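Residue-level structural notes
Chain by chain, the residues:
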Amino acid sequence: LLLSKTGRSVLTLKIVAPVTTVAGTDILQLPVSNSAVSHATIELTRQGVDVHITGGLLLEHSESATASRWVANGSGTAPLTFAWRRKVDDQRVNQPLRLRGAITQLVGLGEDTTQVSAEVYVEVLQGLAQEIRVLLPEQFTVNQVSGAMLADWDVNARELTVTFIEPVQNTARFTVNGELRLARAGKLDVPLLRLPAAERETGGIAVEVLGAGEIKERQVNGLEEAEAAELGQLISSRQSPSLIAFRLHPAEGKSERSLSLNVARY
């Protein structure tokens, strides 16, 4: 392509891409681009189809009386693939939600504020999960929630509600970062994030003293001491001499759990 002048130009190309059919599923594969952003819009002149996207993230889905439309951004590392087939009635939509979950959290006891980072993993056993609710400690401030399929999040009355772009059928994972104020020293009740709707809640928690201090005593309920290296990357990556770790006993999300520490400052 040779342009006759310098400056910015907009080039529109019409291309033909083959659509293959495998076992009743139509597949359109768009090749990887060198561009930093790849954006694709697919319109089908029919309704009642399910679309699965790989190599990108679905941004928008809409249906009119005669057509269906999907908009997606490519990741730039793999071909952007659209696969669609006639929609089949999913009985899971009408089934009550059942799920299991795991929360792994790291608590840093600072001089002024206590920093909390948590990884939340959810496995859907029955039904579909459009949102996940996390019970927060009192006076806990959520600073950030991030994850691959998150649409939005909101906090109301000690409850964090995380909604997804599409209902979760199998598993979902996201991270929560926040803070709260605890006493500088003495007996402290360590904040715990919970999944009250989980039939089985597992995970772990690690606590470290930031600054000059140490943990003298501990009282636990529903937890047991564990090695930090056994509780995932979030905790095992910390190299602090004041860090202690606990594993959550498998139990339902509404079961009693508590962790109290006696912290001495120097």
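This text follows the structure it describes.
Residues numbered from 1 in each chain as written. Predicted model: local features only at pLDDT ≥ 70, side-chain atom pairs only at ≥ 80, totals over all residues. Heavy atoms only, no water.

**Regarding the sheet that holds strand 7 (residues 80-86)**
As a reminder, the rule being used: Two strands are counted as paired when DSSP detects at least two bridges linking them. A run of H or I in DSSP counts as a helix once it spans at least four residues, and a run of E counts as a strand once it spans at least two, with each numbered from the N terminus. Note on definitions: angles span 0 to 180 degrees between N-to-C directions of axes, and those axes are lines fitted to C-alpha atoms, for helices only across the stretch in contact.
Ordered in space as 1-2-7-4, the four strands form an open sheet in which the pairing is antiparallel. The sheet is open, and its two edges are formed by strand 1 (19-22) and strand 4 (49-54), each paired on a single side. Between one strand and the next, the sheet's axes are offset by a mean angle of 25°, whatever the strand orientation. Looking at chain direction, strand 2 (residues 25-30) and strand 7 are connected through five bridges and run antiparallel. Paired with Ile27 across the two strands is Ala83, which belongs to strand 7.

**Observations concerning the sheet that holds strand 15 (residues 186-189)**
Read from one edge of the open sheet, three strands run 15-20-17, paired in antiparallel fashion. Each of the sheet's edge strands pairs with one partner strand only, and the pair in question is strand 15 and strand 17 (213-221). Within the sheet, the average angular offset between the axes of one strand and its neighbour, ignoring direction, is 25°.

**Focus: the side chain of Arg194**
Using the following cut-off: A simple rule labels every residue: compare its accessible area, found with a 1.4 Å probe on the protein chains alone, to the largest value its type can have, and call it buried under 20%, exposed over 50%, or partly exposed in between. Polar contact criterion, stated in full: a pair of N or O atoms within 3.5 Å, where within protein one must be able to donate a hydrogen and the other to accept it, and residues adjacent in sequence count only if both atoms are side-chain atoms. A contact between two residues is defined here by any heavy atoms of the two lying within 4.5 Å.
Mapped onto the elements, Arg194 comes out in the loop between strand 15 and strand 16 (200-209). When its relative accessible area of 9% is taken as the criterion, Arg194 is described as buried. Separated by 2.8 Å, the side chain of Arg194 and the backbone oxygen of Gly253 make a polar contact. Once you skip the residues sitting within four places of it in the chain, Arg194 turns out to touch Ile103, Arg133, Val134, Leu135, Glu201, Glu252, Gly253, Lys254, Ser255, Glu256 and Arg257.

**Focus: unusual backbone geometry**
Its identity is not glycine, yet Ala157 carries a phi of approximately 55°, on the positive side. Within the element layout of this structure, Ala157 appears in the loop between strand 12 (150-156) and strand 13 (159-168). Given the relative accessible area of 69%, Ala157 is considered exposed. For Arg158, which is not glycine, the phi dihedral falls at a positive 65°.

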